[in-house]
Amino acid sequence: MKVAFATDDGVRVNAHFGQSSMFAIYNITKSSSELVELRRIPDIAAQDEMGKIDSRIEAIADCTLIFLMQIGASAAAKVTRRKIMPVKVQFGSPIDEQVKRLADMLQGKPPMWLAKVLRAEEEEGAGVNGSNG
């Protein structure tokens with residue numbers, strides 16, 4: 001699964017969704033995890049608040065989870081409508097620790113919120129490749 005991390009430095013989760021200058025995108029499975037890319041958000045001075053939110057949602061549209069410090073209610077609603085689950089973590093939380101924790105959860109019995117996300121992802125994928133895990 002692809003997971004985004006709201007970051008200003010590519011190392012720590014240290015950004016509010018609406019102000020994040022970039023997202024670290026990781027591919028995380030039960031057996032491995034890798035940094036796919038750092039997606040920078042262009043700074044468009046004339047962009048209003050909704051434009052900022054929409055451009056960030058587009059940047060993470062292929063992700064299943066977004067780890068962040070904070071997210072406003074309207075942004076959270078838009079993100080979840082796109083079937084991306086926001087996960088709040090402590091400011092400055094190292095991305096590599098979050099990646100490891102998530103990989104560990106995938107190997108064991110995932111918590112209810114993660115199991116639900118995985119089920120939704122499987123159902124979406126089942127239409128494409130006929131696999132159910």
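Above this text is the structure in question.
Presented here is an overview of the structure given in this document. Bear in mind that the values here come from a model prediction, so they are computed numbers and not experimental data.

The rules behind each value
Residues numbered from 1 in each chain as written. Predicted model: local features only at pLDDT ≥ 70, side-chain atom pairs only at ≥ 80, totals over all residues. Heavy atoms only, no water. Core = buried A, V, L, I, M, F, W, Y, C linked by side-chain atoms within 4.5 Å. Buried < 20%, exposed > 50% of the residue type's maximum accessible area, 1.4 Å probe, protein only. Helix = DSSP H or I, 4+ residues; strand = E, 2+ residues; numbered from the N terminus. Contact = heavy atoms within 4.5 Å. Pairing = 2+ DSSP bridges. Axes fitted to C-alpha atoms, helices over the stretch in contact; angles between N-to-C directions.

1. Remarks on the nonpolar core
Point 1. Ranked by size, the top nonpolar core spans 19 residues in total, and within it Ala4, Phe17, Phe23, Ile60, Ile66, Ile71 and Val79 carry the most contacts.
Point 2. Going through the elements one at a time, β1 (2–7), β3 (22–28), α1 (49–59), β5 (65–68) and α2 (73–81) are the ones with two or more residues in this core.
Point 3. If we ignore the near neighbours within four places in the chain, the residues touching Ile71 are His16, Phe17, Ala76, Val79, Pro86 and Lys88.
Point 4. Within the second largest apolar cluster, 18 residues are counted, among which are Val13, Phe67, Val99 and Leu114.

2. With respect to the environment of Cys63
Point 1. As for its placement among the helices and strands, Cys63 is situated in the loop between α1 and β5.
Point 2. Sequence separation between Cys63 and Ala24 is 39 residues; the distance between their C-alpha atoms is 11 Å.
Point 3. Here Cys63 is in contact with Lys2, Val3, Ala4, Ile25, Arg39, Lys83 and Ile84, once residues within four sequence places are set aside.

3. Some words on the sheet that holds strand β4 (residues 33–40)
Point 1. As summarised here, the arrangement of the five strands in space is β4-β3-β1-β5-β6, forming an open sheet in which the pairing is mixed. Since the sheet does not close on itself, it has two edges, and those belong to β4 and β6 (85–88), each with one partner. If you compare each strand with its neighbour and ignore which way they point, the axes differ by 25° on average.
Point 2. Contacts from helix α3 (residues 95–107) reach β1, β3, β4 and β5, with the element oriented near 30° to β3.

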